[in-house]
Amino acid sequence: MTARRLVAGVDSSTQSCKVVIRDAESGELLRQGRASHPEGTEVDPRAWERALREAVDAAGGLTDVAAISIAGQQHGMVLLDESDEIIRPALLWNDTRSAAAASELVDELGAQAWSDGVGTVPVASLTVTKLRWVAHHEPTNAARAKTVVLPHDWLTNRLMSEGSAFTTDRGDASGTGYWSPTEGRYRLDLLAHAFGRELEVPKVLGPVDVAGTVSGSWGAATDVIIGCGSGDNMGAALGLGALPGTVIVSLGTSGTAFAVSETPTSDSSGAVAGFADATGRFLPLVCTLNAALVLSTFGTILGVDHVGFDRLALEATAGAGGVSLLPYLAGERTPNRPSATGELAGLNLSNSTPANIARAAVEGMLCGMADAIDALTAQGVPIERIVLIGGASQSLAVQQIAPAIFGRPVFVASPGEYVADGAARQAAKALGADQHWPDASGFWVEAAATPHVRAAYAALRDR
């Protein structure tokens with residue numbers, strides 16, 4: 001009997017590090033582990049390595065693993081000096097201090113030039129804007145900088161022996177603002193324009209390329225290979241086995257709507273980020289800063305747990321009796337309003353009930369995601385089905401209200417670590433495994449469309 005080969009997939013997200021160990025051929029989940037990351041929008045990258053080691057140990061170690069790959073939070077800026085030492089804490093994707101820098105970059109070159117050049121118009125989340133911010137606000141740190149890498153690039157390198165070259169992949173590179181998915185190359189002229197000079201950047205690997213081998217300090221065999229890794233959204237698409245025609249709506253702390261596409265997109269409005277995916281295709285994506293946190297925040301305001309919040313929201317009728325929520329509690333990325341705040345509108349003596357407020361929170365959050373789906377279709381992205389994932393997708397209220405807001409049936413995927421699963425699939429591909437992994441399980445939900453809810457939301461959004 002041939003010994004089974006095992007692969008490890010890592011999801012190094014904003015909040016935590018998750019590791020899954022799966023059979024390379026069948027995809028069977030054998031074990032998993034998790035560790036928390038520090039809170040905040042800037043983090044010492046060494047905390048990610050500590051969490052990865054803890055999560056690997058919790059998953060039973062790497063002694064029997066043949067390959068590993070890491071999918072990480074996109075856009076974060078890790079600046080390194082000439083000795084590859086960390087210069088300052090990494091600025092994460094959700095750090096909005098570079099919002100003014102993003103506006104400057106757009107004003108200087110024009111939205112169309114950025115969209116044509118790298119598929120994405122700068123917003124505060126992109127790495128290129130964080131480089132501009134450091135150049136202007138931390139000149140001493142900027143002067144020390146030799147190399148800029150992304151979170152998954154840095155963590156992948158930490159798996160290898162000291163002195164190994166930094167690598168990345170086309171998916172994560174496409175979220176920097178200085179790599180072109182259409183041309184498949186860095187635009188170092190844009191990096192230099194933002195930062196004031198060029199920096200060294202990681203080599204971009206192909207979807208099944210090997211980044212290196214795991215060093216002995218991780219308790220693995222010396223021949224364990226490391227896949228190229230990718231960004232978290234690219235990992236989720238790969239973990240779900242998404243093909244063109246599928247739009248994935250992910251409801252975590254932030255919300256994303258993205259789709260696998262055979263062709264690149266270029267949206268000068270800035271709504272759609274024209275990313276690459278982890279397979280050689282493309283991944284047009286819309287990101288909002290407000291998703292699950294909207295529900296948890298209003299649950300706290302109403303003094304109820306998740307179950308109680310769902311019950312309240314489902315007690316109210318569609319439209320919440322005229323109450324509408326603009327859910328920009330954390331500012332917003334799409335539309336690009338980093339300094340915006342939330343707004344609860346339409347309250348009067350008869351409709352100011354906990355049920356209507358809970359319903360308005362769910363509808364407001366989902367209307368933002370419906371706008372994201374519309375932005376994808378406006379770019380010619382085909383939609384054959386919508387798949388709902390992420391923590392908030394398990395809310396009964398979200399499940400029942402989503403198809404009404406989206407105006408079409410929704411497939412609710414079973415809870416799973418889809419980002420880590422995508423990384424594991426990538427590791428198996430790098431290993432050359434003959435994969436027969438099952439499709440994601442879940443169920444379909446249908447509901448009558450409620451266009452009046454979206455109309456009320458749009459009036460509040462555009463006011």
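Below is a short write-up of the structure. Since we're looking at a predicted model, the values are computed, not measured.

What counts, and where the lines are drawn
Residues numbered from 1 in each chain as written. Predicted model: local features only at pLDDT ≥ 70, side-chain atom pairs only at ≥ 80, totals over all residues. Heavy atoms only, no water. Helix = DSSP H or I, 4+ residues; strand = E, 2+ residues; numbered from the N terminus. Rg over C-alpha atoms; globule rule 2.2 N^0.38 Å. Buried < 20%, exposed > 50% of the residue type's maximum accessible area, 1.4 Å probe, protein only. Contact = heavy atoms within 4.5 Å. Areas by Shrake-Rupley, 256 points an atom, 1.4 Å probe, with all protein chains shown as cover. Axes fitted to C-alpha atoms, helices over the stretch in contact; angles between N-to-C directions. Parallel < 35°, antiparallel > 145°, perpendicular 65-115°, else oblique. Nonpolar A, V, L, I, M, F, W, Y, C, P; charged D, E, K, R; others polar. Pairing = 2+ DSSP bridges. Phe/Tyr/Trp six-rings, centres within 6.5 Å; stacked < 30°, edge-to-face > 60°. Lys NZ or Arg CZ within 6 Å of the ring centre and 35° of its normal. Core = buried A, V, L, I, M, F, W, Y, C linked by side-chain atoms within 4.5 Å. Disulfide = S-S within 2.5 Å. Salt bridge = Lys/Arg side-chain N within 4 Å of Asp/Glu carboxyl O. Lys, Arg positive; Asp, Glu negative; His and termini not counted. Polar contact = N/O pair within 3.5 Å; in protein donor to acceptor, adjacent residues only side chain to side chain.

**Observations regarding the overall build of the protein chain**
Within the protein chain, the secondary structure is distributed over 15 helices and 24 strands. On C-alpha atoms alone, the protein chain measures out to a radius of gyration of 22 Å, which is about the 23 Å that the 2.2 N^0.38 rule sets for 463 residues. Each principal axis of the C-alpha distribution contributes one length, and for the protein chain these read about 70 × 60 × 40 Å. The burial tally for the protein chain puts 59% of its 463 residues in the buried class. Taking as baseline every contact in the protein chain between residues at least 6 positions apart, the subset at least 24 positions apart corresponds to 72%. Carbon and sulfur atoms make up 51% of the accessible area of the protein chain, which totals about 17300 Å².

**Side note on the packing of helix α12 (residues 354-378) against helix α15 (residues 451-462)**
One can describe the packing of α12 onto α15 by two numbers: an axis separation of 10 Å at closest approach and a directional angle of 85°. The angle between α12 and α15 falls in the class roughly perpendicular. For the pair α12 and α15, the contacting residues are Glu 363, Gly 364, Cys 367, Gly 368, Ala 370, Asp 371 and Asp 374 in the first and Val 453, Arg 454, Tyr 457 and Arg 461 in the second. For the contact of α12 with α15, the residue count by class is four nonpolar, two polar and five charged.

**A word on the pairing of strand β18 (residues 273-276)**
The alternating pattern of β18 places Ala 273 and Phe 275 and Gly 274 and Ala 276 on opposite faces, both of which are buried. As judged from the four bridges shared by β18 and strand β19 (residues 282-288), these two strands associate in the antiparallel manner. Across the sheet, Ala 276 pairs through a bridge with Phe 282, a residue of β19. What sits between the antiparallel neighbours β18 and β19 is a turn of five residues, in which Gly 280 has the positive phi angle 110°.

**Digging into the sheet that holds strand β23 (residues 410-413)**
Working definition: the strands of a sheet are paired by backbone hydrogen bonds and lie parallel or antiparallel to each other. Here seven strands make up an open sheet; going across it, the order is β18-β19-β17-β16-β22-β23-β24 and the pairing mixed. One side of each edge strand has no neighbouring strand; the edge strands of this open sheet are β18 and β24 (442-445). Ignoring which end each strand starts from, the neighbouring axes of this sheet average 25° apart.

**A closer look at the environment of Ala 361**
Along the chain, Ala 361 falls in helix α12. The residues contacting Ala 361, other than those within four sequence positions of it, are Val 294, Leu 295, Phe 298, Phe 309 and Leu 325.

**Comments concerning the packing of aromatic side chains**
Per the stated rule, a full pass over the model turns up three aromatic pairs. Consider the rings of Tyr 178 and Tyr 186, whose centres lie 6.4 Å apart with planes at 25°: the pair is stacked. An identical accessibility class is assigned to Tyr 178 and Tyr 186; each is buried. Ring centres of Phe 411 and Trp 444 lie 5.4 Å apart, and the angle between their planes is 65°; on these two criteria the pair is classed as edge-to-face. On the criterion of sequence distance, the pair formed by Phe 411 in strand β23 and Trp 444 in strand β24 is long-range, its members being 33 residues apart. Across the ring face of Trp 218, the terminal group of Arg 53 is positioned such that the distance to the ring centre comes to 3.8 Å. Over the face of the ring belonging to Phe 282 we find Arg 170, whose NZ or CZ atom lies 5.4 Å from the ring centre.

**Quick notes on the packing of helix α9 (residues 232-239) against helix α14 (residues 418-431)**
Direction vectors running N to C along α9 and α14 enclose 75°, while the axes themselves pass 6 Å from each other. Considered as vectors, α9 and α14 are oriented roughly perpendicular to each other. Seen from α9, the contacting residues are Asp 232, Gly 235, Ala 236, Leu 238 and Gly 239; seen from α14, they are Tyr 418, Val 419, Asp 421, Gly 422, Arg 425, Gln 426 and Lys 429.

**Here's the deal with the nonpolar core**
Of all hydrophobic cores here, the largest spans 51 residues; its most connected members are Val 249, Leu 251, Val 362, Met 365, Leu 366, Leu 388 and Phe 406. Dropping the residues within four chain positions of it, Met 365 is found in contact with Leu 251, Asn 290, Ala 291, Val 294, Leu 295, Pro 327 and Val 398.

**Section: the state of the cysteines**
Every disulfide links exactly two cysteines, by a covalent bond between their sulfur atoms. Applying the stated rule across the entire model yields zero disulfides. Of all cysteine sulfurs in the structure, the one in Cys 228 sits closest to Cys 17, which takes part in no disulfide; the separation is 17 Å. With a relative accessible area of 0%, Cys 17 lands in the buried category. Cys 367 takes part in no disulfide bond, and the closest cysteine sulfur to it belongs to Cys 287, at a distance of 18 Å.

**Notes on the pattern of salt bridges**
Under the counting rule described, the total for this entry stands at 27 salt bridges. For the salt bridge of Lys 146 with Glu 200, the shortest nitrogen-to-oxygen distance reads 3.8 Å. Taken together, the residues Lys 146 in the loop between α5 (139-144) and β8 (147-149) and Glu 200 in the loop between α8 (188-195) and β12 (203-205) connect sequence positions 54 residues apart. Classification of Lys 146 by relative accessible area gives partly exposed; the value is 34%. Residue Glu 200 is classed as partly exposed on the basis of its relative accessible area, which comes to 44%. Its salt-bridge partner being Arg 454, residue Asp 371 comes within 2.7 Å of it at the nearest N-O pair. With Asp 371 in helix α12 and Arg 454 in helix α15, this residue pair connects regions lying 83 residues apart in the sequence. Judged by its relative accessible area of 22%, Asp 371 is partly exposed. Residue Arg 454 is classed as partly exposed on the basis of its relative accessible area, which comes to 21%. Taken together, the salt bridges that share partners define one network made up of Glu 42, Arg 88, Asp 95, Arg 97 and Glu 138.

**Some remarks on the environment of Ala 8**
Along the chain, Ala 8 turns up in strand β1 (residues 6-12). A relative accessible area of 0% places Ala 8 in the buried class. Residues Ala 8 and Asp 421, 413 residues apart in the sequence, show an inter-C-alpha distance of 8.6 Å. Beyond its immediate chain neighbours, meaning those up to four positions away, Ala 8 contacts Val 20, Ile 21, Leu 62, Val 65, Ala 67, Ile 68, Ser 69, Ala 423, Ala 424 and Ala 427.

**Topic: the side chain of Asp 232**
When you line up the elements, Asp 232 lands in helix α9. Buried and unpaired, Asp 232 has no salt bridge, with Lys 18 as the nearest side chain of opposite charge at 8.8 Å. In terms of polar contacts, Asp 232 uses its side chain to reach the side chain of Asn 233, at 3.3 Å. Leaving out residues up to four positions away in the same chain, Asp 232 has contacts with Ala 71, Gly 72, Gln 73, Gln 74 and Val 419.

Geometry only, nothing functional implied.
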